[in-house]
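Listed below are the residues making up each chain.
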Amino acid sequence: MGLFSQGTCVLCGAPVKSMWAAKIAEGLLCKACCRKAGYFSRSRAKNKTLDNVRADMARMEAAAARQRAFEPTRTIGKHLAIDEHKQQWQILDGVTGKLIMSRVLDFSEIVSYELLEDGETLAKGGLGRALVGGALFGGVGAIVGGVTGKKSKNVINSMKIKITVRDMSNPVVYVSLISGKTKHNSLTHRLAQETAQEILSLLELMQELAGNV
Ligand SMILES: [Zn+2]
């Protein structure tokens, strides 16, 4: 066998021509099958069995079906889309308003959420606790949870909302609101704060609607 014909795919039987073939327990898995199972790097296929691959493919198909059925009734900037009828939500790319990944989440999957500015928690909420820190929007320097107050900085490098979801394999998603040097209290900063506040309130509301409080 030459370099470019390594054998056949153990799942679909297609000839595996390229050097890009993943090894699973039973043999080689072709690139197309890897894609269908969501393995975008060879290492993701490592230690998988054919049964694992079939299960992963089914999961990918189910996710794609959810994506197709998702009909946003509300979007928040280019950051978040909500389907109020199905009680589902997903994060957009933040720039063009497109989807970053086919990941539609249920309202009931929200566990907790917090607003981070340069890694510092400014507000947080979630299961069993009300949103705290909301009062600092517009205020300066206040920080949630007794974290010692550093002096407010002149420049902010990142602002994002970290959302923990009920998913063992992928428990955290982020909404990025600022991802580059931004002057403190500039229009960009204040707009990001406004958006953050709206998203945090919606997360709280979604959790409440799901009966998850
Ligand atoms: Zn294949």
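Coordinates for the structure precede this section.
Note that the structure is a prediction, hence the values are computed from the model and not measured.

The rules behind each value
- Going along each chain's sequence as written, the residues are numbered from 1 onward.
- In view of the model being predicted, local features appear only for residues whose pLDDT reaches at least 70, and side-chain atom pairs are presented and counted only at 80 or more, with totals across whole chains, interfaces and linings using the full set of residues.
- Buried means a residue has 20 or more other C-beta atoms within 10 Å of its own C-beta, exposed means 12 or fewer, and partly exposed covers the counts in between; C-beta atoms are placed from the backbone.
- A run of DSSP states H or I qualifies as a helix once it reaches four residues; a run of E qualifies as a strand once it reaches two. Both are numbered from the N-terminal end.
- Paired strands are those between which DSSP finds at least two bridges.
- One fewer than the residue count of a helix, multiplied by 1.5 Å, yields its expected span.
- The term nonpolar core means buried Ala, Val, Leu, Ile, Met, Phe, Trp, Tyr and Cys residues held together as one set by C-beta atoms within 7 Å.
- Any two residues are considered in contact once their C-beta atoms, placed from the backbone, lie within 7 Å.
- With axes taken as lines fitted to C-alpha atoms, and helix axes fitted only over the stretch in contact, angles between N-to-C directions fall between 0 and 180 degrees.

Draft legend 1. Geometry of the pairing of strand E7 (residues 88-91). Residue alternation in E7 divides its side chains into two sets, Gln88 and Gln90 and Trp89 and Ile91, and both sets are buried. Here four bridges tie strand E6 (residues 80-83) to E7, and the two strands are oriented antiparallel to one another. What sits directly across from Asp83, in E7, is Gln88. The loop that links E6 with its antiparallel partner E7 comprises four residues; one of these, Gln87, has a positive phi angle of about 55°. Note that E7 and strand E8 (residues 105-106) share two bridges and pair antiparallel.

Draft legend 2. Structural context of the pairing of strand E10 (residues 120-126). Pairing analysis gives six bridges linking strand E9 (residues 110-117) to E10, with the strands arranged antiparallel. Across the sheet, Ser112 pairs through a bridge with Gly126, a residue of E10. Taking the residues between adjacent antiparallel strands as the criterion, E9 and E10 are bridged by two residues, where Asp118 takes a positive phi near 45°.

Draft legend 3. Summary view of helix H3 (residues 187-209). Taking 1.5 Å per residue, 23 residues should reach 33 Å; H3 reaches 33 Å between its end C-alpha atoms and fits that length. Considered for burial, the residues of H3 that qualify are Ala192, Gln193, Thr195, Ala196, Ile199, Leu200, Leu203, Met206 and Gln207. Looking one or two places after H3, you find Gly211, whose phi comes out positive at around 75°.

Draft legend 4. Representation of the nonpolar core within the structure. If you look at the biggest cluster of nonpolar residues, it comprises 25 residues, and the most contacted ones within it are Leu80, Ile161, Leu177, Ala196, Ile199, Leu200 and Leu203. Broken down by element, this core gets its largest block of residues, six residues, from H3. For Leu203, the contacting residues outside a window of four places in its chain are Ile110, Tyr113 and Ile163. In this structure, Cys9, Cys33, Tyr39 and Val53 belong to the second largest nonpolar core, which totals 14 residues.

Draft legend 5. Local environment of the environment of Val173. Structurally, Val173 is set in strand E14 (residues 172-178). Filtering out sequence-adjacent residues up to four positions away, Val173 remains in contact with Ile91, Ile163 and Val165.

Draft legend 6. Structural view of unusual backbone geometry. In this model, Gln87 sits at a positive phi of 55°, which is unusual for a non-glycine residue. Residue position: Gln87 is located in the loop between E6 and E7. The residue Asp118 is not glycine, and still its phi comes out positive at about 45°. Relative to the elements of secondary structure, Asp118 occurs in the loop between E9 and E10. Taking the number of C-beta atoms within 10 Å as the measure of exposure, Asp118 has 14 and is therefore partly exposed.

Draft legend 7. Spatial organisation of the sheet that holds E6. Taken together, the four strands give an open sheet; going across it, the order is E5-E6-E7-E8, and neighbouring strands pair in antiparallel fashion. If you trace the sheet from one side to the other, it starts and ends with strand E5 (74-76) and E8, each paired once. Taken strand by strand, H3 contacts E5, E6 and E7, and its axis lies near 140° from that of E5.

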